[in-house]
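# Residue-level structure breakdown
Listed here are the chains, written in short residue letters.
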Amino acid sequence: TTFFMGKGDIDNATRTIDESIKCDPSNFYAYLSKANLLFQLQKYDDALKAVDEALLLKQNNFKALTLKVSILGILEKYEESIEVSDIGLKLNVDKYLLYKKGVSLYYLKKYDEAIIALQKFLRFKPNDINGILKLIYSYMLVGKYKESTELFEKSDLPEQNDYILYNNIGYAYFKLKKYSE
């Protein structure tokens, strides 16, 4: 399968995977390969079905759980993404799962919980721009303006034309000044 994928031969890659599953329906790796292929093809509903088949065979496989979290995030199934992240995090404290959990919590407007997950993630990857931005926004959305401005100031964010970010940081500074008087 990898050989065909490397050549961009999706048809043969798909055919090889399907034949592997047909020959051995208990072949975990064939289902996982199918899920990865479908994910790369952006067929997320089908990828989710395939990764679920793989997880029926090996329910605590970390790679399959991680792929499922990615798929669920894209499909905006945030509650389920958090549940699967928690299963994976019990097996292995992984920075990727911490980030995905934090983002899912953020989109569910559970900002206090998102802050905890994103802080843990940033311990592993302290310069991750996306993690820093989500944490800054989470702080602001729960009224922790001091934390948001401090993180903004200490972060080495690249110069960017992010009007929303600078508008929100300006608001946070305004709130800090207003409440400190």
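Residues numbered from 1 in each chain as written. Predicted model: local features only at pLDDT ≥ 70, side-chain atom pairs only at ≥ 80, totals over all residues. Heavy atoms only, no water.

Counting its regular elements, the chain contains 11 helices and zero strands. By residue count, 41% of the 181 residues in the chain fall in the buried class. Counted over contacts in the chain with a minimum sequence separation of 6, partners at least 24 positions apart contribute 46%. Carbon and sulfur atoms provide 50% of the accessible area of the chain, an area that totals close to 10,900 Å². (Helix = DSSP H or I, 4+ residues; strand = E, 2+ residues; numbered from the N terminus. Buried < 20%, exposed > 50% of the residue type's maximum accessible area, 1.4 Å probe, protein only. Contact = heavy atoms within 4.5 Å. Areas by Shrake-Rupley, 256 points an atom, 1.4 Å probe, with all protein chains shown as cover.)

Turning next to helix α10 (residues 145-154). Looking at α10, one finds that the buried residues are Y145, S148, T149, L151 and F152. End-on, the buried residues of α10 take up no more than an arc of 160 degrees, which puts them together on one face. Turned more than 90 degrees away from the buried face of α10 sit E153 and K154, all of them exposed. (Arc of directions from axis to C-beta.)

What follows covers the side chain of S155. Positionally, S155 belongs in the loop between α10 and α11 (163-180). Its relative accessible area of 13% is what places S155 among the buried residues. In terms of polar contacts, S155 uses its side chain to reach the backbone carbonyl oxygen of L151, at 2.5 Å. (Polar contact = N/O pair within 3.5 Å; in protein donor to acceptor, adjacent residues only side chain to side chain.)

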